[in-house]
Each structure stands twice: as C-alpha cells, then as structure tokens.
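Chain by chain, the residues:
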Amino acid sequence: MQNFTKRFNRYKYPYMFIAPALLLLLTFSIIPIIIALVISFTNIDLAGLANYSNIEAVGFDNFMNVFKDPVFLKSLYNTMFYVIIGVPLVVMLAMGAALLLNYGTGWLFKTFRVVYYMPSITNIVAVAVVWGYLYNSHYGLFNHMLSWFGIPAQQWLNDPTLAKLSLILLAVWKSIGLNMIIFLAALQGIPRSYYEAAEIDGASKWKKLIYITVPLLSFATFFVTITTLIGWIQFFEEPLVMTKGGPLNSTMSMALFIYNNGFQLSNFGYAAAGSFVLFFIIIVVTILQFAVKRKDVEY
C-alpha cells in the first residue's frame, strides 16, 4: 500500500491533467451509454418517466421488434445507400480539391480554400433553406438549368430515388471542405526531396501523383475515410431538415428513425434498442477498417 501511495504521489500530476477530460467522458459518454443500454431492455415511455412504476422489463423484445419493423429495415437500406455513394464521393472530391489547391499559393488559391471550407461551418438550417429553393420543383435553379437543355422539371425531393440522391449531393457539398483541409495538411507534409528525385529520373506529373503523392496520403485517406464513414452511417441532419424522412420513408436514415421513435413518439426503450444496433454497426465497420489498414501496413 505504501509503495502504491508513493507511486501515485510521484505520477499524480499526469492524472490531474487528464482528470477533467476523463470526467467529461464519463459524464457525457460512458454513463449515458450504460443508461441507454438499460433502457433498451424496458418499455419506458412518457408514462414511465412520470412514474417509474410504469416501467417494465421486456428483455430482447425491443431488439427483435426493431428488425421486424419495415420502417427500420427501410432506414437500414437507405443508410447503406448513403454510405456506398456518399463516402467515396467525399473522399475523392476532397482529395481532388486539395491536390488542385496545393499547386498554387496565390490569393486566388487561398480564396478558393475559404470558399470550399465555408459549407463545413455553415448552419444546416441556413443550408437547408438555400438548397430548398435550389430543389424547388416550380422555380428552383436546378430545374431552370435543366430547361436550357429541354429536360423536363424534376421532383427533386418528392421522387423516392431522386430525393436520396438530392440529399447525398447536399451532404457531399457540405463535407468536402473539412476533409480538403486534412488532405492539404498531409500534402504540405510530403518532403519536396521525393519530387526532386523523381524529376531527376524524368518522372511525369502523373507518375509523381500516382507513385509519390497518393501513397504518401494513405494515412490521411484512411483518417478521412473512417471519419466520413462514421458520419454517413449517422446521417441525420440533412433528411431531418429537408425531407423529414419522406417521401414514403425513402430518405429515412437509421439516426432519423431513432430520433422519431425517441423524441416524436416517446418510445424511449425502442429507440434505445435501435441506437445500439446503430452503435454495433459503427463498431464493426470501424474494426474492419482498422484490420484492413493494419494488413496493408504489414505488407
């Protein structure tokens, strides 16, 4: 015991520094997760909040009912659709924008860095108002541009398939800026000596891009991919403010399904079960990505 006390007194200062962060993590992450896990095995609703005696344990019924719910299954399909299309687009466009802006240092390039980054810090409600006008089926800019080529007006937010693609376009536009900054930082960390050696060997710009730039961006690409993937699995704000999950639940995401059941219908236990399904999916996808990355590093 005395040895433990001496060691603690010796190393107490690092613990003191990380204590606030650990306290915040425990208060706002760990404890809520544990509470949500307990709630997911009950039928808690507004009546249960008013009187705890109304709460009953239901075991795994919430989890079984979630996978029988056609709206949840639809939201699962929609979320996969968002991820499969949205994540590659964000990664490729963000990397492309960073590569283009990295070639210049003049005021024009700096201006475009700000222009690309602005959507990332713009409030989603303001964005939804502007894009709502762009998508308007009667006087929206997109349909007006289509009329130049004789293409009929499209129901951007009313057609089930077009509505999903429209939300993806909005989310990709909003996500490029932050990821572009990450790629720019990684690009500026690549030593110039690599490019100078390649130029001496007569390598073209395309070969320098393929054999030097892209491989040395692998860790930035991995970071952007994993954070973007997690963000798109939790796709929520865009369908909430633009379509409310419609039409016919065609834009309903898993996160929006959880929100509707928890805060609109007050089925807290059912929503908690859905949230843990989403949580499990995120954990599995993240572990798989780390496993693939580790295997690539070993090779």
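Residues numbered from 1 in each chain as written. Predicted model: local features only at pLDDT ≥ 70, side-chain atom pairs only at ≥ 80, totals over all residues. Heavy atoms only, no water.

(A) Local environment of the overall build of the chain. Across its full length, the chain carries 15 helices and zero strands. When its C-alpha atoms are laid out on the principal axes, the chain stretches across 80 × 75 × 35 Å. Within the chain, the fraction of its 299 residues that count as buried is 36%. In the chain, once contacts between residues fewer than 6 apart in sequence are set aside, the share between residues at least 24 apart is 66%. When the accessible surface of the chain is totalled, it reaches about 18,600 Å², and 70% of it is carbon and sulfur. (Helix = DSSP H or I, 4+ residues; strand = E, 2+ residues; numbered from the N terminus. Buried < 20%, exposed > 50% of the residue type's maximum accessible area, 1.4 Å probe, protein only. Contact = heavy atoms within 4.5 Å. Areas by Shrake-Rupley, 256 points an atom, 1.4 Å probe, with all protein chains shown as cover.)

(B) Main features of the environment of Ala153. Positionally, Ala153 belongs in the loop between α8 (141-147) and α9 (160-188). Judged by its relative accessible area of 47%, Ala153 is partly exposed. Residues Ala153 and Tyr139 lie 14 residues apart in sequence; the distance between their C-alpha atoms is 9.4 Å.

(C) Summary view of the side chain of Ser166. Following the sequence through the fold, Ser166 ends up in helix α9. The residues touching Ser166, leaving out its near neighbours within four places in the chain, are Tyr135, Trp156 and Leu157.

(D) View of the packing of aromatic side chains. Inspection of the entire model under this criterion finds 19 aromatic pairs. A centroid spacing of 5.5 Å and a plane angle of 45 degrees characterise the contact between Phe41 and Phe63, whose relative ring orientation is tilted. Here Phe41, found in the loop between α2 (12-39) and α3 (46-50), pairs with Phe63, found in helix α4 (residues 61-68); they are 22 residues apart in sequence, far enough to count as distant. A relative accessible area of 27% places Phe41 in the partly exposed class. Between the aromatic rings of Phe222 and Phe290, the centroid separation amounts to 5.2 Å while the plane-to-plane angle is 80 degrees, which identifies the pairing as edge-to-face. Linking Phe222 in helix α12 (residues 218-233) with Phe290 in helix α15 (residues 268-298), this pair joins segments that are 68 residues apart in sequence. In this structure Phe290 comes out as partly exposed when scored by relative accessible area, which is 40%. Each residue in the set Trp131, Tyr135, Phe142, Trp156 and Trp173 is aromatic and connected to the rest through ring pairs, giving one cluster. Taking NZ or CZ as reference, Lys164 lies 5.5 Å from the ring centre of Phe81, over its face. (Phe/Tyr/Trp six-rings, centres within 6.5 Å; stacked < 30°, edge-to-face > 60°. Lys NZ or Arg CZ within 6 Å of the ring centre and 35° of its normal.)

(E) Representation of the nonpolar core. Of all hydrophobic cores here, the largest spans 60 residues; its most connected members are Trp131, Phe183, Trp232 and Met242. For Trp232, the residues in contact, after removing those within four places along its chain, are Thr79, Tyr82, Val83, Gly86, Val87, Val90, Ile168, Ala171, Val172 and Ser175. (Core = buried A, V, L, I, M, F, W, Y, C linked by side-chain atoms within 4.5 Å.)

(F) Structural context of unusual backbone geometry. Residue Pro247 follows Gly246 across a cis peptide bond; omega there is -5 degrees. In this structure, Pro247 sits in the loop between α13 (237-242) and α14 (254-264). Even without being a glycine, Leu248 presents a positive backbone phi close to 55 degrees. Relative to the assigned elements, Leu248 resides in the loop between α13 and α14. Even without glycine at this site, Ser266 takes up a positive phi of about 60 degrees. Judged by its relative accessible area of 13%, Ser266 falls in the buried class.

That's the geometry; what it means functionally is another story.
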